[in-house]
Amino acid sequence: MPRYEFRCRECGTSFEVSRPMAESGAPASCPQGHGDTVKLLSAVAVGGTRAAPAPAAQGGGGGGCCGGGCCG
């Protein structure tokens, strides 16, 4: 279940709430009992490896290849 981060505008407390995506926009109450909260935008980290850059084109002109032949 996704976790959403909120901040209370009254006391400044940040907190997380686990809820279904269908309820992601629903208001959340502060753990201190305040109702004036705002949902924060969180960055998402995705695991995996970084892809290597594509190798540079070989063979002169630098115009790229089209239709199997090099354009120059």
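Since this is a predicted model, take the numbers as computed values, not measurements.

Chemist: Give a description of the pairing of strand E1 (residues 3-8) that names residues and reports values.
Modeler: With burial as the criterion, only one face of E1 is covered, namely that bearing Tyr 4, Phe 6 and Cys 8; the residues Arg 3, Glu 5 and Arg 7 on the opposite face remain uncovered. As judged from the five bridges shared by E1 and strand E2 (residues 14-18), these two strands associate in the antiparallel manner. Following the sheet pairing, Phe 6 is matched in E2 by Phe 15. Between E1 and E2, which pair antiparallel and follow one another directly, the connecting turn spans five residues, one of which, Gly 12, has a positive phi of 80°. Across three bridges, E1 lies against strand E3 (residues 37-39) in antiparallel orientation. Looking at E3, one finds that Arg 7 is bridged to Val 38.

Calculation criteria
Residues numbered from 1 in each chain as written. Predicted model: local features only at pLDDT ≥ 70, side-chain atom pairs only at ≥ 80, totals over all residues. Heavy atoms only, no water. Buried < 20%, exposed > 50% of the residue type's maximum accessible area, 1.4 Å probe, protein only. Helix = DSSP H or I, 4+ residues; strand = E, 2+ residues; numbered from the N terminus. Pairing = 2+ DSSP bridges.

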